[in-house]
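Here is how the chains run, residue by residue.
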Amino acid sequence: MDFFVLTLVIPIVGGLLLTVVGERAWAPNLNVIASLGTFLASALLTIEIVANGPRFAFGEMFFIDSLNVFFVALTAFVGLTTSIFSGPYMKNEQEHGKLTVPRLRLYKSMFQIFMFTMLVALTTNNLGILWVAMEAATLTTVLLVSLYRTAASLEAAWKYFILCGVGIAQALFGTILLYFAAERVLGETGNALLWTHLVEVKGQLEPTIMALSFIFLLVGYGTKVGLAPLHNWLPDAHAEGPTPVSAVLSGLLLNVALYAILRCKVLADGAIPGGFAGNLMMGFGLLTLVVAAFFLSRQKDIKRMFAYSSIEHMGLITFAFGMGGAVANFAGLLHMTMHSLTKSAIFFAVGHAAQKSGTQQMEDIRGLIRINPVIGWGLMLGTLAILGMPPFGVFASEFMILTHAMKHHPWATPVLLLALGVAFAAIFGKVQPMVFGDTHAKPLPHAPAITPVFVHLALVLMIGLYIPPYLTRWFHEAARMLG
Amino acid sequence: MNLAVPLSSQLINLFASVILLLAFAMLAQRRVLALINLFALQGLTLALSTLVVAVTTGQTHLYWSAGLTLVLKALLLPWILHRLVRRLEVKGDVESLIKVPTTMLVGIALVIIAFNVALPISQLSNTISRGTLGIALATVMLAFLMMITRSKAIPQVVGFLAMENGLFLAATSATYGMPMVVELGIALDVLVGAIILGVFFFQIREQFDSLDIRHLEKLKER
Amino acid sequence: MNVFGFLGQMFAIALALLLAPLLTGWVNQCRAWLQNRSAPPLLQPYYMLHKLFLKDVVLAHGASPLFRFAPFVVFGCMVLACAIIPTLSTDLPLAPAADTIALVGVFGLARIFIALAAMDVGTSFGTLGGRREMLIGFLAEPALLMVIFTTAMISQSTSVATIVETLAHRDFIIYPSLAFAGIAFTFVSFAENARVPVDNPATHLELTMIHEAMILEYSGRHLALIEWAASLKLYAYSCLGLALFFPWGIAEGDSFLGLLLAIPVLAIKLAIGGALLAGIETINAKVRIFRAPEFLGTAFLFAVLGLLVRLLLEGRV
């Protein structure tokens, strides 16, 4: 049994099945089952890769190593919890009259196909296919963002499509240039876009072309990561789409886009002497971090605020990978994981909180701890975790990034500390009255799924206190690969 | 120096220039239907230039991509857009947010930038069509400019598709095209994207009774 | 310079003087056909010139000597232009003088004199026409210069004769830059010759006219000279366009046979060009005067594009 094939086949078959059968009473369960299958397959695949080392699939079309298998597992896991969460959440939305039956069907099938495109993007060995999968992921999520068909959601989806379309076109240009550089070394064998072949000859790639190519790739995929100044689509898409979509956009899609940049950075680093790619990423990362931190304090919409928080963390992670070296890469990977888990947990909690209060405006959400202590605590703990409070895993990774920056790039430390401080003040000051305070909201028709929130937070807490040795080994290996 | 340039290379250069010319014509065009026709013409020129490269180099997959370009960009997408315009009853002129002559001047500046960026790279290339890389980049940037300056949905989409044309030209000029599987994937993405946008137009119009993107300016930082 | 070359040069000038009104007549005839009107006779411009030369000159009261002097200057400029543009051969005695920048200067000189003369009398129409003419000229000249630079870069020379030799008598090469330059040149020559998108030679509607407004005060032989000069200008521009973009058929030496062979080729090219001109004029509407800058701006844009494409695509000069 090839677990890799299963990992890819289950979501696409699930997506098609959900399209065909339509919205039935058991469709949410089918959605969960498909996600569970994907997760199990990916978990077994992970075990296999950890035990036997990297391998190819379908000739050299797909390549799974310790770097991407870790993202595959993470993606499948968050996909599973999101599908669990979205069951009751979407039913509540339906009861509130926000969604019709055909749209629920669209949502479920697109969700699975979106998972499929992300998994393809993560596992493909061909940088061209990587681009195709990223574009496909954009297309599926455009439909998901505009699911409510309100004026605001249409606007958000349009902006998302146009901005990411433009961005991803830049990435295609970068890919073309990369292919051009590779073809000069590898010849016209059709292997010139295969990452495994490229990485062997990365020292021979023409630096001029690679520099230009990397700029285009960084700007292009960076648009999808949400790097400033092309981050404008991200808050809108997160705020106006359904909450499960916000959770996967923030927790997964941004990671996948960043993963694409990382793969390209390895090549660019090999070809261009002097850390050109790293400096560029550090610059973009720092800019993004600062911009997002200062926008955070001005937010009124809760999902928008946490979307800006995602931008902020993506900036931090980009900065970490830009610094490079074993420690920073390790910290970057850890932070990506922690951010995925925490941010999706927060969005789950926020989704229920907003549903309960009937609004996303933060000044109208009050006293969550009274109506539903579980959601209230979930939101509070999640917020503390994302802000980097000590027992949680985010603290560990942020601490590592900061200390590494202090040691190797001291000039950046004040900027980092300032941005993190501003973000802390902004988010905490707004979440605190939402959790505590007076309220008079009605109970929801369907009991919310709280488990995913706490599973995620428990994992984050665990990693903050104790990282299992196999996980450390795994991170180390991936960090070493990134150079 | 020019005497050594083979005829095929001259033809490719000519077609590339025509593509650039059409990009400018699209930038200056004020009517929606004429804009779509120009886009179709650009697709046709692109297919022709790819065909010339294919005939000269004898690369089989380039025949395929030339055919694909012809069907998709010169026939299918313009047809879809025409239908959309008719179904949505889009009338009148395309409005530009910036005056057309100003846009043209910006366009010239972009072309100069693009040429300068591409020059060192195209000198490294040894394809017969290397000179057109700068033109391809310029086409991409001009399409980008068109997306920025137009306020209606359909011209923005035409700009988006024209950008894809420029990228395709870049792929053929620098490297004789991407591997077949990638090109098929890109073509599929473009097609699906165009269809999704078509669906989108109806949703936008249902919501706003117009395809003016200026309605879509509610979400911003205050 | 031998006697034969001198004769050939004289012959070319005489041919220009003779053919120019015929070209105008041909364009008018084509226009009439295309617009479903009954066409004026082909030789109408000659009758017109004949009639005007026989008439007396009526001068306005305030006219200065400049007013009387200007038609001769304009006519002279146009004859000079026709003489130095290689219409039949590239090896005529005046060919070394055929520097394109000088050529633009000759056209500019004629423009200044006709505009000054129009303002000289002090009528409002004349002033208006003169001002508009200068506006058009000020926009058209840079575009024309850019066109010429593009062609000059190909042959590494600003001499029209050298350009024609490079393009016509070497191996055939497709120059995309020339396509851009050609379009720009077409735009400029429409504007310079007061043709339809910018001006209408057949109207006397005061809101729109440019060229006609300037020459309203002229009569008799002065008017004849100006009309003839206008024909010559059209002829010169057509020949310049043909020389730069379709130079095939122009003789290289000054042999008698070569010159003789070049005549029918030139006639055919001019006939086709005139018909095309009439066609373009028919399918286009005249634009508002305030849109004329946009029209010429586009011409300038194409010329610059041509230059850029030349730099990028066609060798590193």
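Residues numbered from 1 in each chain as written. Chains lettered and ligands numbered in written order. Predicted model: local features only at pLDDT ≥ 70, side-chain atom pairs only at ≥ 80, totals over all residues. Heavy atoms only, no water.

## Digging into the overall build of chain B
Part 1 of the argument: Regarding its fold elements, chain B presents seven helices and zero strands.
Part 2 of the argument: The helix and strand sequence of chain B, counted from the amino end, reads α-α-α-α-α-α-α.
Part 3 of the argument: Radius of gyration (C-alpha) of chain B: 18 Å, near the 17 Å computed for a compact globule of 222 residues.
Part 4 of the argument: Along the three orthogonal principal directions, the C-alpha set of chain B runs to about 60 × 35 × 30 Å.
Part 5 of the argument: In chain B, which comprises 222 residues, the proportion classed as buried is 59%.
Part 6 of the argument: Nonlocal contacts in chain B, meaning residues at least 24 apart in sequence, comprise 76% of its contacts between residues at least 6 apart.
Part 7 of the argument: Accessible surface, chain B as shown: approximately 8600 Å² in total, 67% of it carbon and sulfur. (Helix = DSSP H or I, 4+ residues; strand = E, 2+ residues; numbered from the N terminus. Rg over C-alpha atoms; globule rule 2.2 N^0.38 Å. Buried < 20%, exposed > 50% of the residue type's maximum accessible area, 1.4 Å probe, protein only. Contact = heavy atoms within 4.5 Å. Areas by Shrake-Rupley, 256 points an atom, 1.4 Å probe, with all protein chains shown as cover.)

## Notes on the overall build of chain C
Part 1 of the argument: When its secondary structure is counted, chain C shows 11 helices and zero strands.
Part 2 of the argument: For chain C, the α and β elements follow one another from N to C terminus as α-α-α-α-α-α-α-α-α-α-α.
Part 3 of the argument: Over its C-alpha trace chain C gives a radius of gyration of 19 Å, about what one expects of a compact globule, namely 20 Å for 317 residues.
Part 4 of the argument: A burial count over chain C gives 55% of its 317 residues as buried.
Part 5 of the argument: Within chain C, contacts between residues separated by at least 24 positions form 81% of all contacts whose residues are at least 6 apart in sequence.
Part 6 of the argument: Summed over its atoms, the accessible surface of chain C is roughly 13300 Å², and 70% of this surface lies on carbon and sulfur atoms.

## Points about helix α13 (residues 325–357) of chain A
All names here are of chain A.
Part 1 of the argument: In a regular helix each residue adds 1.5 Å, so 33 residues correspond to 48 Å; α13 covers 46 Å between its end C-alpha atoms and thus fits that length.
Part 2 of the argument: Most of α13 sits out of view: 29 of its 33 residues are buried.
Part 3 of the argument: At the exit of α13 stands G358, carrying a positive phi of roughly 70 degrees. (Expected span 1.5 Å × (residues − 1).)

## Thoughts on the pattern of salt bridges
Part 1 of the argument: The tally for this structure, following the rule as stated, stands at 14 salt bridges over all chains.
Part 2 of the argument: Among the ionic pairs, R304 of chain A bridges to D236 of chain A, the shortest N-O distance being 2.5 Å. Highlighted residues: R304 of chain A in helix α12 (residues 302–323) and D236 of chain A in helix α9 (residues 233–240), separated in sequence by 68 residues.
Part 3 of the argument: On the basis of relative accessible area, D236 of chain A is assigned to the buried category, the value being 1%.
Part 4 of the argument: Across the pair R31 of chain C and E281 of chain C runs a salt bridge, and its minimum N-O distance is 3.2 Å. In this pair, R31 of chain C is assigned in helix α1 (residues 3–34) and E281 of chain C in helix α10 (residues 256–283), connecting sequence segments 250 residues apart.
Part 5 of the argument: Each of R111, E133, E141, E192 and K233 of chain C takes part in one network of salt bridges that share partners. (Salt bridge = Lys/Arg side-chain N within 4 Å of Asp/Glu carboxyl O.)

## As for the interface of chain C and chain B
Part 1 of the argument: Taken together, the contact pairs 22 residues of chain C with 26 residues of chain B.
Part 2 of the argument: Each partner contributes to the roughly 2200 Å² buried at the junction of chain C and chain B, and carbon and sulfur atoms together form 77% of this total.
Part 3 of the argument: Inspection of the region where chain C meets chain B yields zero residue pairs in polar contact (both at pLDDT 80 or more).
Part 4 of the argument: Of all the secondary-structure elements, those providing two or more residues to the side of chain C that touches chain B are α7 (176–192) and α11 (292–313) of chain C.
Part 5 of the argument: Sorting elements by how many residues they give to the side of chain C that touches chain B places α11 of chain C first, with 10 residues. (Buried area = accessible area lost by both parts, 1.4 Å probe. Polar contact = N/O pair within 3.5 Å; in protein donor to acceptor, adjacent residues only side chain to side chain.)

## As for the interface of chain A and chain B
Part 1 of the argument: Contact with chain A, which involves 48 residues of that partner, is made by 48 residues of chain B.
Part 2 of the argument: With both sides pooled, the region where chain A packs onto chain B buries about 4300 Å², and carbon together with sulfur makes up 75% of that total.
Part 3 of the argument: A per-residue breakdown of the area chain A buries against chain B is headed by E155, W158 and F180 of chain A, which together make up 17% of the total.
Part 4 of the argument: At the surface where chain A touches chain B, the tally comes to zero salt bridges.
Part 5 of the argument: Broken down by secondary-structure element, the contributors of at least two residues to the side of chain A that touches chain B are α5 (127–145), α6 (151–186), α8 (207–225), α9 and α12 of chain A.
Part 6 of the argument: Top element by residues in the side of chain A that touches chain B is α6 of chain A. It accounts for 22 residues.
Part 7 of the argument: Its residues placed into classes, the side of chain A that touches chain B shows 29 nonpolar, seven polar and 12 charged. (Nonpolar A, V, L, I, M, F, W, Y, C, P; charged D, E, K, R; others polar.)

## Some points on the packing of helix α3 (residues 60–88) of chain B against helix α6 (residues 153–175) of chain B
All names here are of chain B.
Part 1 of the argument: Running from N to C, α3 and α6 point in directions that differ by 175 degrees, and their axes come no closer than 12 Å. Comparing the axis directions of α3 and α6 gives the class roughly antiparallel. Contact residues: L62, S65, T69, K73, L77, L81 and V85 in α3; I154, V158, L161, E164, N165, F168 and T172 in α6.
Part 2 of the argument: A class-by-class count of the residues in the contact of α3 with α6 yields eight nonpolar, four polar and two charged. (Axes fitted to C-alpha atoms, helices over the stretch in contact; angles between N-to-C directions. Parallel < 35°, antiparallel > 145°, perpendicular 65-115°, else oblique.)

## Brief notes about the packing of helix α4 (residues 100–120) of chain C against helix α5 (residues 124–155) of chain C
The geometry of a pair of packed helices is captured by two quantities: the angle between their axes and the separation between those axes.
Residues and elements named next belong to chain C.
Part 1 of the argument: Axis separation between α4 and α5 bottoms out at 9 Å; the angle between their running directions is 175 degrees. Classified by the angle their axes make, α4 and α5 are roughly antiparallel. Contacts between α4 and α5 involve T100, I101, V104, G108, R111, I112, A115, A118 and M119 from the former and G126, T127, G130, R131, E133, M134, G137, E141, L144, L145, I148 and F149 from the latter.
Part 2 of the argument: When its residues are assigned to classes, the contact of α4 with α5 shows 11 nonpolar, six polar and four charged.

## Details of α7 of chain C
Residues and elements named next belong to chain C.
Part 1 of the argument: Spanning 17 residues, α7 covers 24 Å between terminal C-alpha atoms, matching the ideal 24 Å at 1.5 Å per step.
Part 2 of the argument: The buried fraction of α7 is high, at 13 of 17 residues.
Part 3 of the argument: One or two positions beyond α7, positive phi appears at A194, with a value near 55 degrees.

## Describing the environment of F125 of chain C
Part 1 of the argument: With respect to the helices and strands, F125 of chain C occurs in helix α5.
Part 2 of the argument: Separated by 85 residues in the primary sequence, F125 of chain C and I210 of chain C have C-alpha atoms spaced 9.1 Å apart.

## Comments concerning unusual backbone geometry
Part 1 of the argument: With an omega of 0 degrees, the peptide bond running from A228 of chain A to P229 of chain A counts as cis.
Part 2 of the argument: For P229 of chain A, the location among the structural elements is in the loop between α8 and α9.
Part 3 of the argument: Residues other than glycine seldom take positive phi values, yet R149 of chain A does so here, at roughly 55 degrees.
Part 4 of the argument: Within the secondary structure, R149 of chain A sits in the loop between α5 and α6.
Part 5 of the argument: Positive phi, close to 55 degrees, is recorded for A194 of chain C, a residue that is not glycine.
Part 6 of the argument: According to the relative accessible area criterion, A194 of chain C is buried, its value standing at 11%.

Remember, this is a structural readout, not a statement about activity or role.
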